[in-house]
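A look at the structure
Residue strings, one per chain:
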Amino acid sequence: KKKNNKKKIKKTPPPKKKKTNTTAAKIDRAKNTLISKTAKKSDKAKLGTKTKSEKDKKSEKDKKNTAKTVKPPTKSSASKTKNDTKKNVDKENKAETQTAKTSKPAPKPVNKPTPTPKPIVNQKVIVSVTQAHILSEPNLDSTISQNLQIGAVLTVLEKNEDWYKVLFAGDKNTFGGWVSKSIVTDFNPARRDEIYRNIADRNFKNDATDFASAAEFLNFLTASQKEITDEKLLADLNFKRLMTLKAALKAIPADKTSENPYQIFLKAYEKEIIYSQPAAEWYVRLDNFWQLHNQYKNLPIAEEIAWQAANNPIAGECEGYINCYLYKLRTTFGEYLNFYPGGNHSKEALTKTFEFLQPLVVDAKDKKIYFAASDTSDRAEFNKFLTDLRMIISKVEQLEKARTIQQINQIAEGYR
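Just so we're clear, the structure is a prediction, and the values are computed from it rather than from any experiment.

Each value, and the rule that gives it
Residues numbered from 1 in each chain as written. Predicted model: local features only at pLDDT ≥ 70, side-chain atom pairs only at ≥ 80, totals over all residues. Heavy atoms only, no water. Core = buried A, V, L, I, M, F, W, Y, C linked by side-chain atoms within 4.5 Å. Buried < 20%, exposed > 50% of the residue type's maximum accessible area, 1.4 Å probe, protein only. Helix = DSSP H or I, 4+ residues; strand = E, 2+ residues; numbered from the N terminus. Contact = heavy atoms within 4.5 Å. Expected span 1.5 Å × (residues − 1). Arc of directions from axis to C-beta. Pairing = 2+ DSSP bridges. Phe/Tyr/Trp six-rings, centres within 6.5 Å; stacked < 30°, edge-to-face > 60°. Lys NZ or Arg CZ within 6 Å of the ring centre and 35° of its normal. Disulfide = S-S within 2.5 Å. Salt bridge = Lys/Arg side-chain N within 4 Å of Asp/Glu carboxyl O.

Looking at the nonpolar core
Grouped together as the largest cluster of nonpolar side chains are 71 residues, with contacts concentrated most on L245, L249, F265, L326, Y336 and I411. In terms of residue count, the dominant contributor to this core is helix α6 (residues 231–250) (10 residues). Sequence-distant contacts of L326, that is, excluding residues within four places in its chain, are made with L357, L360, F382, F385, L386 and L389. Listed in part, the 16 residues of the second largest apolar core include V125, I134, V156 and V166.

Set out below in structure tokens:
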């Protein structure tokens, strides 16, 4: 029985917890978790609120400080600013549109080889005209840097199609600038004679000219004599020099001979010129022409020099004294015919002689205008002039000489 009792005895399981209690615990845990989360959120919210409040306070403080220094724009100014901004934008848009219309696309660069300038080593040019200038720029409208004298030698520094950039080293100063190629000629000392001849031919004028150009050209011809070696060229330049001196004297105003630059010019050439009171003019002395003729009488130019001497005026007035008239005729057309009885101007010289003597012949009988010499020496001079003229005319190769010889005989008979 005991054994059976033991077998029948079962172990009693532990009592189960009440269901209600378990559910309550879960609810309590859930509440606690919710409360905990809510507390955390509340703490964060409080912290965020506090931070935001501090930021707001700081922002309000900054606004107050800014308000002290910057005044808020009024409604009208804000509107004006807005309108101005709009206008500026419109202007910029309009300018961009206009630029887009007018601007052309930039041309594509062309790769051309850059020409290498040729070096100019000691190239010289000489001024070949009067009244020349050095200019500041290579164009005719630029300012004049310096005046140049004909015959001035310049060093070329640079050149283009129409201009030379030059340097002039004078005795007193050195200056540079631009000159037109038309007023200069290449200069080479070995070709000096040829260059001077071309310059003389280019500038020589046997008629009216202005005083400044004539005086400048005369200075060139005077200075060039020291550098010329060719005799024919030297004779030509000396002849042109006397003719240029004659032209310069003729260009001086009669009422300004005591003023400069005329007075300086007359003083410089006083040994070669003479003043004629009746004409109120200055003349080249006749002896200068005949001396030059005699110096080069074997050259072809000699006859031209003699012809210009025959036409050169003689200072003074004869006032009816017949010897004076005969002297003028003898030393002008008479002297030309003496050297060139068959010359290129012999016929014209003979005609001039006839016209000169005719008034004396007409008055030979009454002697109302002209009178003869009274003393022995003057009578001898009178007879000598007539004899010389008779011999000279007799050698002339012109048929008209007979009437001129007849004139001489009539004068000898009428004023003996």
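Now that the structure is up, let's keep going.
Here we look at helix α14 (residues 401–414)
Here α14 contains 14 residues, and its C-alpha end-to-end distance of 20 Å stays within 8% of the 20 Å for a straight helix at 1.5 Å per residue. Among all positions in α14, only T404, Q407, I408, I411 and G414 are buried. End-on, the buried residues of α14 take up no more than an arc of 135°, which puts them together on one face. The inward-facing, buried residues of α14 abut α10 (322–331), α12 (346–362) and α13 (376–394).

Focus on the pairing of strand β9 (residues 281–284)
Within a regular strand, the side chains alternate between the two sheet faces. Pairing geometry for strand β8 (residues 273–276) and β9, over 4 bridges, is antiparallel. Along β9, the bridge assignment pairs I273 with V284. Following β8, the chain reverses through 4 residues before pairing antiparallel with β9; A280 in that reversal takes a positive phi of roughly 55°.

Quick word on unusual backbone geometry
Geometrically, the link from N260 to P261 is a cis peptide bond, its omega value of 10° lying close to zero. Mapped onto the secondary structure, P261 falls in the loop between α6 and α7 (262–268). Unusually for a residue other than glycine, K367 sits at a positive phi of about 55°. Its location among the elements puts K367 in the loop between α12 and α13.

A closer look at the packing of aromatic side chains
Applying the stated criterion across every chain yields a total of 15 aromatic pairs. Consider the rings of Y321 and F371, whose centres lie 5.7 Å apart with planes at 35°: the pair is tilted. You can see Y321 sitting in the loop between α9 (302–310) and α10 and its partner F371 sitting in the loop between α12 and α13, a full 50 residues away along the chain. Under the relative-accessibility criterion, F371 is labelled partly exposed at 41%. Aromatic ring contacts, followed pair by pair, group W290, W307, F333, Y336, F339 and Y340 into a single cluster. The ring of F204 carries K240 above its face, with NZ or CZ at 5.3 Å from the centroid. Lying across the ring of F354, R403 places its NZ or CZ 4.0 Å from the centre.

Focus on the environment of L389
Considering the arrangement of structural elements, one finds L389 in helix α13. With a relative accessible area of 2%, L389 lands in the buried category. C-alpha of L389 to C-alpha of L326: the two residues are 63 residues apart in sequence and 8.9 Å apart in space. If sequence neighbours within four positions are ignored, L389 has contacts with L326, L329, R330, G334 and I408.

So, the side chain of E335
If you trace the backbone, E335 turns up in helix α11 (residues 333–339). A relative accessible area of 18% places E335 in the buried class. With residues near it in sequence (within four places) discarded, E335 still touches W290 and R330.

Focus: the state of the cysteines
Among covalent bonds in proteins, the disulfide is the one between the sulfur atoms of two cysteines. A full pass over the atoms with the stated rule returns 1 disulfide. In this model C318 forms its disulfide with C324; the gap between the sulfur atoms is 1.9 Å. Across the S-S bond linking C318 and C324, the dihedral sits near -65°, which makes this disulfide left-handed. Since its relative accessible area comes to 8%, C318 is described here as buried. You can call C324 partly exposed: its relative accessible area is 22%.

Overview of the pattern of salt bridges
Enumeration according to the criterion identifies 11 salt bridges in this entry. Residues R330 and E335 are paired through a salt bridge, measuring 2.5 Å at the closest nitrogen-oxygen approach. Residue classification places R330 among the buried residues on the basis of a relative accessible area of 16%. Among the charged side chains, a network of salt bridges with common partners joins R330, E335, K384 and D388.

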